[in-house]
Amino acid sequence: MEAGNKIWYKFPNLAPYDVKENVIMVTNSNSAKYIQEIKQSIYSFAAEIEWKNMWTLEEAGIRFSKNETLFLLRDEKGALGHIWFDQEYCYNLYVHPRRKKGTAERFTYHCFNFIPHKEIFAYADGWNKKAIKHFEKVGGIEISSYL
Amino acid sequence: MSDSVKKYYELLEEGRITSISNGTGFTFIYESPDGGKTVTERPFGGDISDRVVISKPILSEGDKRDAYTILSVYSEESILEAARILGSR
């Protein structure tokens with residue numbers, strides 16, 4: 001069952017996960033220190049994907065003021081990906097195509113380690129097969145499947 | 001264990017306060033004098049004068065799960081209309 005074209009997933013958070021990626025956790029209290037890294041992540045996304053709803057630095061500031069958390073994935077070349085968390089809800093996941101195999105999964109689990117909720121929620125648009133595949137790889141269960 | 005720490009754990013057990021990390025690495029205490037309508041936040045160990053009123057009510061994990069279930073079943077238009085009706089009561 002899909003609400004509109006969105007498929008909602010629930011992820012049991014079985015932290016701690018034994019993963020370690022080069023990740024910066026950005027919150028309202030340290031965001032000023034990581035402006036350059038945030039900008040790099042926005043540019044990295046824009047260079048790969050044209051999406052009119054992509055968040056901006058200004059939007060990031062608003063999200064931080066609401067106590068949302070941004071995780072920035074980095075490698076030797078710089079920005080490699082990002083994901084936002086609003087408490088138990090995660091969204092705007094992106095990982096650059098130059099990633100190594102399994103990076104997106106390890107990045108997701110790495111972030112789950114810092115989320116103090118037993119269940120995490122996210123949705124994928126029905127057309128977004130990559131996101132759906134990723135969510136299922138990291139243990140996502142379609143909410144409608146157990147209604 | 002000091003009396004204040006003991007009291008803290010008693011309040012946690014009774015559900016009168018909630019203690020969670022807000023993702024910054026610091027633990028915060030969330031309190032509500034009116035059953036969840038008004039919620040305040042202060043750092044664990046902080047003074048009462050450090051309280052900041054926040055708008056988000058504390059929801060149980062079960063309430064949150066129900067909210068996502070609603071999102072997975074109904075259209076956003078229907079949910080927004082229901083919220084509008086609730087808001088105008």
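Every value quoted in this text rests on a predicted model; they were computed, and no experiment measured them.

Thresholds, definitions, all that
- Residues numbered from 1 in each chain as written.
- Chains lettered and ligands numbered in written order.
- Predicted model: local features only at pLDDT ≥ 70, side-chain atom pairs only at ≥ 80, totals over all residues.
- Heavy atoms only, no water.
- Helix = DSSP H or I, 4+ residues; strand = E, 2+ residues; numbered from the N terminus.
- Buried < 20%, exposed > 50% of the residue type's maximum accessible area, 1.4 Å probe, protein only.
- Lys, Arg positive; Asp, Glu negative; His and termini not counted.
- Charge placed at Lys NZ, Arg CZ, Asp CG, Glu CD.
- Expected span 1.5 Å × (residues − 1).
- Arc of directions from axis to C-beta.
- Contact = heavy atoms within 4.5 Å.
- Salt bridge = Lys/Arg side-chain N within 4 Å of Asp/Glu carboxyl O.
- pLDDT = per-residue confidence, 0-100.
- Polar contact = N/O pair within 3.5 Å; in protein donor to acceptor, adjacent residues only side chain to side chain.
- Core = buried A, V, L, I, M, F, W, Y, C linked by side-chain atoms within 4.5 Å.
- Disulfide = S-S within 2.5 Å.

1. A short note on the overall build of chain A
Thinking step 1. Helix and strand counts for chain A come out as 4 helices and 7 strands.
Thinking step 2. Secondary structure of chain A in N-to-C order comes out as β-β-α-α-β-β-β-α-β-α-β.
Thinking step 3. Dimensions of chain A, computed from the C-alpha atoms along their principal axes, are close to 45 × 35 × 35 Å.
Thinking step 4. Burial statistics for chain A: of 147 residues in total, 51% are counted as buried.
Thinking step 5. Each charge class in chain A can be summarised by its mean position, and for the 20 positive and 18 negative side chains these summaries are 4 Å apart.

2. Overview of helix α1 (residues 35–48) of chain A
Residue and element names in this part refer to chain A.
Thinking step 1. Taking 1.5 Å per residue as the helical rise, α1 with its 14 residues ought to reach 20 Å, and the 20 Å between its terminal C-alpha atoms agrees with that figure.
Thinking step 2. Burial in α1 covers these residues: Ile38, Ser41, Ile42, Ser44 and Phe45. Buried residues of α1, seen end-on, are gathered within an arc of 160 degrees and therefore sit on one face of the element. In this structure, α1 carries Tyr43 and Ala47 as exposed residues pointing more than 90 degrees from its buried face.
Thinking step 3. On its buried face, α1 is in contact with β2 (23–26), α2 (57–65), β3 (69–75), β4 (78–86) and β5 (89–95).

3. Description of the pattern of salt bridges
Thinking step 1. Overall, the coordinates contain 9 salt bridges over all chains when judged by the stated rule.
Thinking step 2. For A:Glu119, the salt bridge goes to A:Lys10, with nearest N and O atoms at 3.3 Å. Residue A:Glu119 is found in strand β6 (residues 119–125), and its partner A:Lys10 is found in strand β1 (residues 6–12); the two are separated by 109 residues along the sequence.
Thinking step 3. A:Lys10 gets classed as buried once you look at its relative accessible area, which sits at 13%.
Thinking step 4. One salt bridge in this structure joins A:Arg63 and A:Glu59, with 2.9 Å as the shortest N-O distance. You can see A:Arg63 and its partner A:Glu59 sitting in helix α2, 4 residues apart, about one turn around the helix.
Thinking step 5. Connected via shared salt-bridge partners are A:Lys10, A:Glu119 and B:Arg65.

4. Observations concerning the confidence of the model for chain B
In low-pLDDT segments, the atomic positions of the prediction should not be examined closely.
All names here are of chain B.
Thinking step 1. Averaged over all residues, the pLDDT of chain B is 74; the fraction at 70 or higher stands at 57%.
Thinking step 2. The spread of mean pLDDT over the elements of chain B runs between strand β1 (residues 17–21), the lowest at 55, and helix α3 (residues 76–87), the highest at 91.
Thinking step 3. In the predicted complex, the global pTM is 0.73; the interface-specific ipTM is 0.76.

5. Quick look at α2(A)
Residue and element names in this part refer to chain A.
Thinking step 1. Among the residues of α2, those classed as buried are Ala60, Arg63 and Phe64. For α2, the angular spread of the buried residues around the axis is 100 degrees, confining them to a single face.
Thinking step 2. Next to the buried residues of α2 lie β2, α1, β3, β4 and β5.
Thinking step 3. Just downstream of α2, Asn67 is the residue with a positive phi angle, here 65 degrees.

6. Looking at the side chain of A:His82
All names here are of chain A.
Thinking step 1. In this fold, His82 is placed in strand β4.
Thinking step 2. Accessibility expressed as a relative area gives 1% for His82, which makes it buried.
Thinking step 3. Within the structure, His82 has its side chain in polar contact with the side chain of Ser41 (distance 2.9 Å).
Thinking step 4. The residues touching His82, leaving out its near neighbours within four places in the chain, are Ser41, Phe45, Met54, Trp55, Leu70, Phe71, Leu72, Asn92, Leu93, Tyr94 and Phe107.

7. Re the nonpolar core
Soluble, globular proteins show a tendency: their nonpolar side chains are buried together.
Residue and element names in this part refer to chain A.
Thinking step 1. The biggest cluster of nonpolar side chains holds 25 residues, and the ones touching the most others in it are Phe11, Phe71, Phe85 and Phe107.
Thinking step 2. If you list the elements that add at least two residues to this core, you get β1, β3, β4, β5, α3 (103–112), β6 and α4 (129–137).
Thinking step 3. Looking at this core, the element that brings in the most residues is α3, giving 5 residues.
Thinking step 4. Setting aside anything within four residues of it in sequence, one finds Phe71 in contact with Val23, Ile24, Met25, Gly81, His82, Ile83, Phe85, Phe107, Cys111, Phe114 and Ile115.
Thinking step 5. In this structure, Ala60, Tyr89, Tyr91 and Phe121 belong to the second largest nonpolar core, which totals 20 residues.

8. Regarding the side chain of A:Ser41
Thinking step 1. Within the secondary structure layout, A:Ser41 lies in helix α1.
Thinking step 2. By relative accessible area, A:Ser41 is classed as buried at 1%.

9. Topic: the state of the cysteines
All names here are of chain A.
Thinking step 1. Taken as a whole and assessed by the stated rule, the structure comprises 0 disulfides over all chains.
Thinking step 2. Cys111 supplies the cysteine sulfur nearest to Cys90, a cysteine that is in no disulfide, at a spacing of 8.6 Å.
Thinking step 3. Cys111 sits in the buried class, given a relative accessible area of 0%.

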